[in-house]
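Summary of structural features
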Amino acid sequence: MQTKAQTSPNIILIMADDLGFETLGVNGSDDYKTPNLDKLAKEGMNFTQTYAMPLCTPSRVQIMTGKYNFRNYIGFGLLDPNELTFADYLKQAGYKTFIAGKWQLYGNERQQELAGGKIGSLPEEAGFDEYFLWQIKELGSRYKDPRISSNSGTETYEGKYGPDLFTEQVNLFMERNKDDSFFVYYPMAITHDPFVPTPSNPGFEEFDSKSKTNDPIYFGEMVNYMDMLVGSIVAKTEELGICENTLILFVGDNGTDRKVTSSQHGNAIKGAKGYTTTAGTHVPFIANWKGKIKPGSRNDNLIDFSDFLPTLLETANFQNSVALKTDGLSFYGQLLGKNSQRRDWIYCYYAPNWGNFENAIYVKNTEWKLYGDGRIYSLSKDPLEQFPLIKEELSKKVKRKISSFEKVLEGYVVTN
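Below: a short report on this structure. Computed from a predicted model, the values in this text were never measured in an experiment.

**Quick look at the overall build of the protein**
Of regular secondary structure, the protein possesses 11 helices and 17 strands. For the protein, the C-alpha radius of gyration of 21 Å lies close to 22 Å, the compact-globule estimate for 416 residues. Within the protein, buried positions represent 60% of all 416 residues. Considering only residue pairs separated by 6 or more positions, the protein has 70% of its internal contacts joining residues 24 or more positions apart. Working note: accessible area of the protein is about 17400 Å², and carbon and sulfur atoms make up 48% of it. Within the protein, one finds 45 positive and 52 negative side-chain charges whose respective centroids are separated by 6 Å.

Right, dumping it as structure tokens:
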């Protein structure tokens, strides 16, 4: 039996596109200004060890279903319509559900072909009452002159900027539902390429959205603009008087684009989106819940994308007589400062079926990483994973850790 949604807090999950850990001021960025996210962390909890999948669809499927990819990943750009998502569960619990931003989970003709003819999901099939999305069945621009689909149809918004419209719709949804418990999922279109001017740029009005412009020189202003949009949503919860009953989560979906090199604490970090190194998977994550999360909290515990679904359901007091199938571990207690369960490792099954990326299986913590093919790396000394180590040459303590990772790998039966 489910609890009534009216007794449960609102949840807003914002996920930036292609934004690595190194890009936020709170995480030591030397290049980009992110005052709103820095403030969100200062007034909440900043997680320093959160890891996504290396690429967008694997991350999105995992965060939405709470399952490792070998269980339910059917192809790039596709979400299996047979899977239940966090929106499905929260809707069962009485929540009003809304999604804005990037969908890319139904699949285009090429993606469906690569998946053996399988077709992905529409937003209403994934638990969302209302939606306002780029790339459901049509592509078009995500930035200037965006092509957007909603419950009322698809249209091109000439002269407008997609991220502005997505954020506006999030705020309007909150206005309409401020007296009910709601779930907002905002997988942002920004900061993914093409790198183009934002409305904060004097050249935006003259910019041709059909041009082939894709210049990383614009990445910085896109990060700044993304930060401003998040600030707008936070401000709306304050304006509506619901911030004390609203959990806000902000996370990146994978590492920064490979065309971008950023400075963090004086060190150059080259984006590694698509690759399984730290720079391809280490993402920013901030949680804010006024009156619940202790301001200025820092969380150095491992967080995996499968952990979000059970956390959201625990936040919502979701109860169901049918056992929930998830690979995740709820970090709800950690948000409240309780001495709750914590991860000792992160497992990854990565088979993107897209681009020239290689499949990989691995287990890691903050110090050590073991691949399914036997490669071992010291992440603190070799973050680019250039020098594989030999188990027999490691200390007894490290050998024990690697042996425990081997048992984790043996514990999962990969089905595809």
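Further notes follow.
**Remarks on the side chain of Thr34**
Counting through the fold element by element, Thr34 comes out in the loop between β1 (10–16) and α1 (35–42). Residues contacting Thr34, with those up to four places away along its chain left out, are Thr23, Leu24, Gly25, Val26, Val223 and Asp227.

**Description of the nonpolar core**
Here is a general trend for soluble globular proteins: nonpolar side chains tend to be buried in one another's company. Ile63, Phe86, Trp103, Phe128, Phe183, Tyr185 and Phe308 are the most contacted members of the largest nonpolar core, which has 59 residues in total. When near neighbours in sequence (up to four residues on either side) are disregarded, Phe183 contacts Ile11, Leu13, Phe86, Ala87, Leu90, Tyr95, Lys96, Thr97, Phe98, Phe128, Phe173 and Leu312. Ranked by size, the runner-up nonpolar core spans 47 residues in total, among them Tyr186, Val223, Met226 and Ile286.

**Description of helix α2 (residues 56–65)**
Burial of α2 is extensive: 10 of the 10 residues sit out of reach of the surface. Within α2, burial applies to Cys56, Thr57, Pro58, Ser59, Arg60, Val61, Gln62, Ile63, Met64 and Thr65. Just downstream of α2, Gly66 is the residue with a positive phi angle, here 70°.

**A short note on unusual backbone geometry**
A cis amide bond links Ile190 with the next residue in sequence, Thr191, at an omega value of 25°. In this fold, Thr191 is placed in the loop between β7 (182–187) and α7 (219–239). Geometrically, the link from Asp193 to Pro194 is a cis peptide bond, its omega value of 10° lying close to zero. Its location among the elements puts Pro194 in the loop between β7 and α7. One non-glycine residue, Asn317, lies in positive phi territory at about 55°. As for its placement among the helices and strands, Asn317 is situated in the loop between α9 (308–315) and α10 (332–335). According to the relative accessible area criterion, Asn317 is partly exposed, its value standing at 34%.

**Describing the packing of α1 against α7**
Interhelical geometry of α1 versus α7 gives an angle of 50° and a closest axis separation of 7 Å. If you check the angle between α1 and α7, you find them oblique. In this structure, α1 uses Pro35, Asn36, Leu37 and Leu40 to contact α7, whose residues at the interface are Met226, Asp227, Met228, Val230, Gly231 and Val234. Each residue belonging to the contact of α1 with α7 can be placed in one class, and the counts come to 7 nonpolar, 2 polar and 1 charged.

**Regarding the sheet that holds strand β16 (residues 368–371)**
Backbone-to-backbone hydrogen bonds join strands into a sheet, with any given pair of strands oriented parallel or antiparallel. Strand order in the open sheet formed by 4 strands is β14-β15-β16-β17, and the pairing between neighbours is antiparallel. With partners counted over all chains shown, the strands left at the sheet margins are β14 (346–350) and β17 (376–378), one partner each. Strand-to-strand twist of the sheet, defined as the mean angle between neighbouring strand axes without regard to direction, takes the value 20°. Examined bridge by bridge, strand β15 (residues 360–364) and β16 share 3 bridges and lie antiparallel to one another. From the neighbouring strand, Lys364 faces β16, where its bridge partner is Lys369. Packing of helix α11 (residues 396–411) onto the sheet brings it into contact with β14, β15, β16 and β17, and relative to β16 it is tilted by some 40°.

**What about the packing of helix α6 (residues 162–176) against α7?**
Put simply, α6 and α7 touch, their axes get as near as 10 Å, and they point 10° apart. Looking at the two axes, α6 sits roughly parallel to α7. Within the contact between the two elements, α6 uses Pro163, Asp164, Thr167, Val170, Asn171, Met174 and Glu175 and α7 uses Tyr225, Leu229, Ser232, Ile233, Lys236, Thr237 and Glu239. Of the residues contributing to the contact of α6 with α7, the split by class is 6 nonpolar, 4 polar and 4 charged.

**Description of the environment of Glu175**
For Glu175, the location among the structural elements is in helix α6. C-alpha separation for the pair Glu175 and Lys236, spaced 61 residues apart in sequence, amounts to 8.4 Å. With near-sequence residues (within four places) excluded, Glu175 lies in contact with Lys236, Glu239 and Leu240. A polar side-chain atom of Glu175 sits 2.6 Å from a polar atom in the side chain of Lys236.

**What about the environment of Thr48?**
With respect to the helices and strands, the residue Thr48 is situated in strand β2 (residues 45–51). Once residues lying within four places of it in the same chain are set aside, the contact partners of Thr48 are Phe21, His282, Arg298, Asn299 and Asp300. A distance of 2.6 Å separates the side chain of Thr48 from the side chain of Asp300, its partner in a polar contact.

**Overview of the side chain of Asp80**
As for its position among the elements, Asp80 is in the loop between α3 (69–72) and α4 (86–92). For Asp80, which is buried and forms no salt bridge, the nearest opposite charge comes from Lys118, at a distance of 7.2 Å. Separated by 2.9 Å, the side chain of Asp80 and the backbone nitrogen of Asn82 make a polar contact. Excluding its chain neighbours within four sequence positions, the residues that come into contact with Asp80 are Asn72, Ile74 and Ser121.

The rules behind these values
- Residue positions are counted from 1 within each chain, in the order its sequence is given.
- Side-chain atom pairs in this predicted model are given and counted only at pLDDT of 80 or more, local residue features only at pLDDT of at least 70, and totals for whole chains, interfaces and linings cover all residues.
- Each side-chain value is worked out from all heavy atoms of the structure, with water and hydrogens disregarded.
- Numbering of helices and strands starts at the N terminus; helices are DSSP runs of H or I of at least 4 residues and strands are runs of E of at least 2.
- For a compact globule the rule gives 2.2 Å times the number of residues to the power 0.38, and the radius of gyration it is set against comes from C-alpha atoms.
- For every residue, the accessible area obtained with a 1.4 Å probe (protein chains only) is divided by the maximum for its type, and the residue is called buried under 20%, exposed over 50%, and partly exposed between those limits.
- By the convention used here, residues are in contact when the closest approach between their heavy atoms is within 4.5 Å.
- Here the accessible surface of atoms and residues is derived via Shrake-Rupley with a 1.4 Å probe, and residues count as covered only by protein chains that are part of the display.
- The charge count includes Lys and Arg as positive and Asp and Glu as negative, but it does not include His or the ends of the chains.
- Note that the charge is assigned to NZ on lysines, CZ on arginines, CG on aspartates and CD on glutamates.
- The definition of a nonpolar core used throughout is a set of buried Ala, Val, Leu, Ile, Met, Phe, Trp, Tyr and Cys residues joined through side-chain atoms within 4.5 Å.
- Between N-to-C directions, angles cover 0 to 180 degrees, with each direction set by a line fitted to C-alpha atoms, over the stretch in contact for helices.
- Throughout, the term roughly parallel applies to angles under 35 degrees, roughly antiparallel to angles over 145, roughly perpendicular to angles from 65 to 115, and oblique to all others.
- Residues are grouped as follows: nonpolar covers Ala, Val, Leu, Ile, Met, Phe, Trp, Tyr, Cys and Pro; charged covers Asp, Glu, Lys and Arg; every other residue, Gly included, is treated as polar.
- A strand pair is defined by DSSP finding two or more bridges across the two strands.
- We call two N or O atoms a polar contact when they sit within 3.5 Å, provided that within protein one can donate a hydrogen and the other can accept it, with sequence-adjacent residues counted only if both atoms are side-chain atoms.
- For salt bridges, the criterion is a side-chain nitrogen of Lys or Arg within 4 Å of an Asp or Glu carboxyl oxygen.

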